[in-house]
Amino acid sequence: MLKKRIKIIEKILFHTIGGGAFKKLSEKCINDKNDWMDLKKCIKEIKKIWKGEIKVEKNIVGALFDFVRLSHKVAKSCDDTIYQEIINITSDLEIDRLFYDIPEESLKPFKGFTNPASNNIEFSEQKCLDCILFHSEGGGAFRQARSHRKFDSDGWDILVTAIKSLKKFWKDNVFVNRSAAAALVNLPLYVDWQANFFEEDDPNSVEVKQFRSIAEELATEIKKLFD
Amino acid sequence: MKARSPNSKNVKPQQHILGERETPYISTTKDYEIASPVYNRNRTPIVKIDLKKVTTEVIDFTNKDVIKFYLDNPKAIYNVLKDAEVLIKEKIVPEAIIKIIWPGT
């Protein structure tokens, strides 16, 4: 079982951040369907292995995070056909689905979180996790952006603080909390998408700059968290 | 009314919910408050839709079984539940639009 797990992990790393599927596409423009099939198979396998686990391998989460972020970056710089191809590939991999065993799990009620009065406070690990889940998956900053089309400065600031604080607790960990990993793995991409709505009305609007900038900052800090 | 990219294939409802722009879906809600300018900064008219007259696929996320089938990301689930969201694929035919409410009226 351990041997199988290591083999799957190696393959996921190879196809996402190594010389496999993604590197072939992004650097050599080779869209190798067999490689993508192989990655998809490995993702399905690791999902089975992760079933019921509260903590998961940090290096895999980090590799998936880099893969999602970079593949969309590459996609944005390509023509429409390649853009669509990359979007189809990343969508087909169903990376979000990897983190939840049963759909009911995602329907669990969310805890609230009250932003502290100051950002210069010491967060416990649990407080970091609560803050991350609230501002990405609950009623916090992401919801304000998606449904109310508002940039919640305080919410984003405290979320960045929580991610930075969490780094202290996770720096030597091989395994990390699965729900927080799930909340963060695609977050910069989804935040960047929110900017697109404002861009249509006015590409130079304050909101476009704010959402693009926070998406970048989140990407930088989340990357450090998974390194 | 047409979706932004009616012919986009392989774009899943979850991607639309999370903010992907070029999708074949139109977001609507069953909750008037959600559509109202008080809730949303968008000051465009609100249209009342008769779902029975919609000729394309309707994905009603006020039904939990529908959520379970289409969504797995809590960011998406939380928002569709709070917004009583209903997606309509490709277009809303004029016959399905039964009332137009202008802001401030």
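Residues numbered from 1 in each chain as written. Chains lettered and ligands numbered in written order. Predicted model: local features only at pLDDT ≥ 70, side-chain atom pairs only at ≥ 80, totals over all residues. Heavy atoms only, no water.

Caption draft 1: Layout of the interface of chain B and chain A. Of the residues lining the interface, 30 residues belong to chain B; the matching set on chain A comes to 36 residues. Together chain B and chain A conceal approximately 3,100 Å² of surface at their shared face, both sides included; 49% is due to carbon and sulfur atoms. Our count for the chain B to chain A interface comes out at 7 salt bridges. Two residues, Glu94 of chain A and Lys12 of chain B, come together in a salt bridge whose shortest N-O distance is 3.5 Å. Between chain B and chain A we count 16 residue pairs in polar contact (both at pLDDT 80 or more) in total. Secondary structure elements with two or more residues in the side of chain B that touches chain A: α1 (13-18), α3 (64-70) and α4 (74-83) of chain B. Residue classes in the side of chain B that touches chain A are distributed as 11 nonpolar, 7 polar and 12 charged. (Contact = heavy atoms within 4.5 Å. Buried area = accessible area lost by both parts, 1.4 Å probe. Salt bridge = Lys/Arg side-chain N within 4 Å of Asp/Glu carboxyl O. Polar contact = N/O pair within 3.5 Å; in protein donor to acceptor, adjacent residues only side chain to side chain. Helix = DSSP H or I, 4+ residues; strand = E, 2+ residues; numbered from the N terminus. Nonpolar A, V, L, I, M, F, W, Y, C, P; charged D, E, K, R; others polar.)

Caption draft 2: Fine view of the pattern of salt bridges. Following the criterion strictly, the structure yields 27 salt bridges over all chains and no others. Lys11 of chain A is the salt-bridge partner of Asp38 of chain A, the closest N and O atoms lying 3.2 Å from each other. Taken together, the positions of Asp38 of chain A in helix α3 (residues 33-50) and Lys11 of chain A in helix α1 (residues 2-16) put the pair 27 residues apart, joining distant regions of the chain. Taking the relative accessible area as the measure of exposure, Asp38 of chain A reaches 19% and is therefore buried. On the basis of relative accessibility, which here comes to 31%, the residue Lys11 of chain A falls in the partly exposed class. The partner of Arg4 of chain B in a salt bridge is Glu200 of chain A, and the shortest N-O contact between them spans 2.3 Å. Of this pair, Arg4 of chain B sits in the segment before α1 while Glu200 of chain A is found in helix α11 (residues 187-201), placing the two residues in two different chains. Here Glu200 of chain A falls in the partly exposed class, since its relative accessible area comes to 46%. Taken together, the shared-partner salt bridges connect Asp66, Arg69, Lys223 and Asp227 of chain A into one network. (Buried < 20%, exposed > 50% of the residue type's maximum accessible area, 1.4 Å probe, protein only.)

Caption draft 3: Representation of the environment of Asp227 of chain A. Topologically, Asp227 of chain A is positioned in the segment after α12 (206-226). Between the C-alpha atoms of Asp227 of chain A and Ile214 of chain A, which are 13 residues apart in sequence, the distance is 20 Å.

Caption draft 4: Spatial organisation of the nonpolar core. Membership of the largest hydrophobic core comes to 81 residues, with the highest contact counts inside it found for Phe99, Trp156 and Leu218 of chain A. The element contributing the most residues to this core is α12 of chain A, with 9 residues. By size, the runner-up hydrophobic cluster in this structure holds 7 residues, among which are Ile26, Ile92, Val93 and Ala96 of chain B. (Core = buried A, V, L, I, M, F, W, Y, C linked by side-chain atoms within 4.5 Å.)

Caption draft 5: View of the packing of aromatic side chains. Residue and element names in this part refer to chain A. Evaluated as defined, the whole model comprises 13 aromatic pairs over all chains. On the basis of an interplanar angle of 80° and a centroid distance of 6.4 Å, the ring pair of Phe113 and Phe123 is categorised as edge-to-face. Residue Phe113 is located in the loop between α6 (103-106) and α7 (125-137), and its partner Phe123 is located in the loop between α6 and α7; the two are separated by 10 residues in the primary sequence. Each member of the pair, Phe113 as well as Phe123, is classed as buried. Aromatic pair Phe113 and Phe134: ring centres 6.4 Å apart, planes at 40°, arrangement tilted. Of this pair, Phe113 sits in the loop between α6 and α7 while Phe134 sits in helix α7; the two residues are 21 residues apart in sequence, bridging distant segments of the chain. For the pair formed by Phe113 and Phe134, the shared burial category is buried. A network of ring pairs unites the aromatic residues Phe151, Trp156, Phe198 and Phe211 as a single cluster. One residue, Arg149, lies across the ring of Phe197, its end atom 3.9 Å from the ring centre. (Phe/Tyr/Trp six-rings, centres within 6.5 Å; stacked < 30°, edge-to-face > 60°. Lys NZ or Arg CZ within 6 Å of the ring centre and 35° of its normal.)

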